[in-house]
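Architecture and fold: a report
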Amino acid sequence: MTTSLADVASSGATLRAFLHGLPGVDRVGADQRAAMLGTRSIKTTAKAQAIDLAISMVDLTTLEGADTPGKVRALCAKARHPGEGAPRVAAVCVYPDLVHVAAGALAGSGVKVASVATAFPSGRSSLEVKVSETKLAVAAGADEIDMVIDRGAFLAGDHLKVYEEIAAVKAACGDAHLKVILETGELATYDNVRRASWLAMLAGGDFIKTSTGKVSPAATLPVTLIMLEAVRDFRDATGRQVGVKPAGGIRTTKDAIKNLVLVNETAGDDWLSPDWFRLGASSLLNDLLMQRQKLATGRYAGPDYFTLD
Ligand SMILES: O=C[C@H](O)COP(=O)(O)O
């Protein structure tokens, strides 16, 4: 497989043949394995460590039409200091026009600025606009770009168009890291999730991300499992490690811990770090902080104790 991968996108036909030559996903098996791993219990000390690890992996997100500079600044303050003794989060994720606000508020903190781009969430715009939006976001201070793939082209079988678009956006990123959102809730089958994962990695994505958070279903465990298998197999085949970011609908500490168990059991502990695994979420952080408080003191402080997202 290693030698052929270099030429796999030399034409639409070779790319299609490669993606359709990937082993099919056993849907029942994937659902059952994800459900089984999701029931694993964790002891108290391990749980405290898991909560802090999950906090350090959060891409704290606000992607609303009504977002304001003030809201972004408040989110950034929380990202830097989520709670007493708690680690900072991995990144704050915003729309491109608010990147400069986040960049100013996060300067020197180690928290990354992530910007959605490429006509998020639909992805319906020209490549020229998508590349330009990416460059502007990076120039404004984005360390990471969360692009959406063209699901229409993917579902129409035009894999090469999707590949070339990802490669062009990656080039526009410069030093910024590229997360490629597959929007798995629109891909119809688990086989397509596996194909889109490989396509995004072959085209140069640094991370593959499940969802925009605007389409349901978003980050389900079986889909994350399939993507974790893909990054594991891709590293075996190429030597290059790619990260995974489930996003959308992850709201509770239980959800976060299920994801960490999945990472450990599927891709392995090389992925158990914010460099390689993120949780994209707008409201998960409060629950992680509440559960953290509960473990430390034996009682809940209640949601009012923490600033609202
Ligand atoms: O990338 C992250 C998602 O947009 C957040 O989705 P959520 O609001 O369901 O947590």
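Residues numbered from 1 in each chain as written. Predicted model: local features only at pLDDT ≥ 70, side-chain atom pairs only at ≥ 80, totals over all residues.

In the annotation of an unreviewed UniProt entry, the entry for the protein chain reads Deoxyribose-phosphate aldolase, and the organism field reads Nonomuraea harbinensis. Note on the protein chain: under the UniProt heading Catalytic activity (unreviewed entry), the record states "2-deoxy-D-ribose 5-phosphate = D-glyceraldehyde 3-phosphate + acetaldehyde". (UniProt positions renumbered as here; feature names shortened; annotations may be inferred.)

For the rest of this paragraph, the subject is helix α12 (residues 253-266). Taking 1.5 Å per residue as the helical rise, α12 with its 14 residues ought to reach 20 Å, and the 20 Å between its terminal C-alpha atoms agrees with that figure. Where the residues of α12 are buried, they touch α3 (27-37), α4 (44-57), α11 (221-238), β8 (279-281) and α13 (284-297). Positive backbone phi, approximately 105°, marks G268, located one or two places after α12. (Helix = DSSP H or I, 4+ residues; strand = E, 2+ residues; numbered from the N terminus. Expected span 1.5 Å × (residues − 1). Contact = placed C-beta atoms within 7 Å.)

On to the site of the ligand. The environment of the ligand is formed by 13 residues, the closest being G213, A247, G280, A281 and S282. Looking at the shell around the ligand, its residues break down into 5 nonpolar, 8 polar and no charged. (Near = placed C-beta within 6 Å. Nonpolar A, V, L, I, M, F, W, Y, C, P; charged D, E, K, R; others polar.)

Alternating residues of strand β2 (residues 91-94) divide into A91 and C93 and V92 and V94, and every residue in both groups is buried. Examined bridge by bridge, strand β1 (residues 58-61) and β2 share 3 bridges and lie parallel to one another. Bridge pairing links L60 to V92 in β2. Between the parallel elements β1 and β2, the chain passes through helix α5 (residues 69-80) in a crossover that is right-handed. Two strands pair when backbone bridges link them, and β2 and strand β3 (residues 112-117) are joined in this way by 4 bridges, in the parallel orientation. Within β3, the position partnered with C93 by the bridge is A114. For the segment spanning β2, helix α6 (residues 99-106) and β3, crossover handedness is right-handed. (Buried ≥ 20, exposed ≤ 12 C-beta atoms within 10 Å, placed from the backbone. Pairing = 2+ DSSP bridges. Right-handed = clockwise from strand over helix to strand, strands pointing away.)

With that settled, consider unusual backbone geometry. The step from F120 to P121 runs through a cis peptide bond, and the omega angle for that step is 0°. By secondary structure assignment, the location of P121 is in the loop between β3 and α7 (127-139). In this model, S216 is joined to P217 through a cis peptide bond whose omega is 0°. If you trace the backbone, P217 turns up in the loop between β6 (207-209) and α11. If you check the backbone angles, A119 has positive phi at about 60° while not being a glycine. Inspection of the secondary structure puts A119 in the loop between β3 and α7. Looking at A119, the number of C-beta atoms within 10 Å reads 16, which means it is partly exposed. Notably, A188 is not glycine yet its phi reads approximately 75°, a positive angle. Within the secondary structure, A188 sits in the loop between β5 (177-181) and α10 (190-202).

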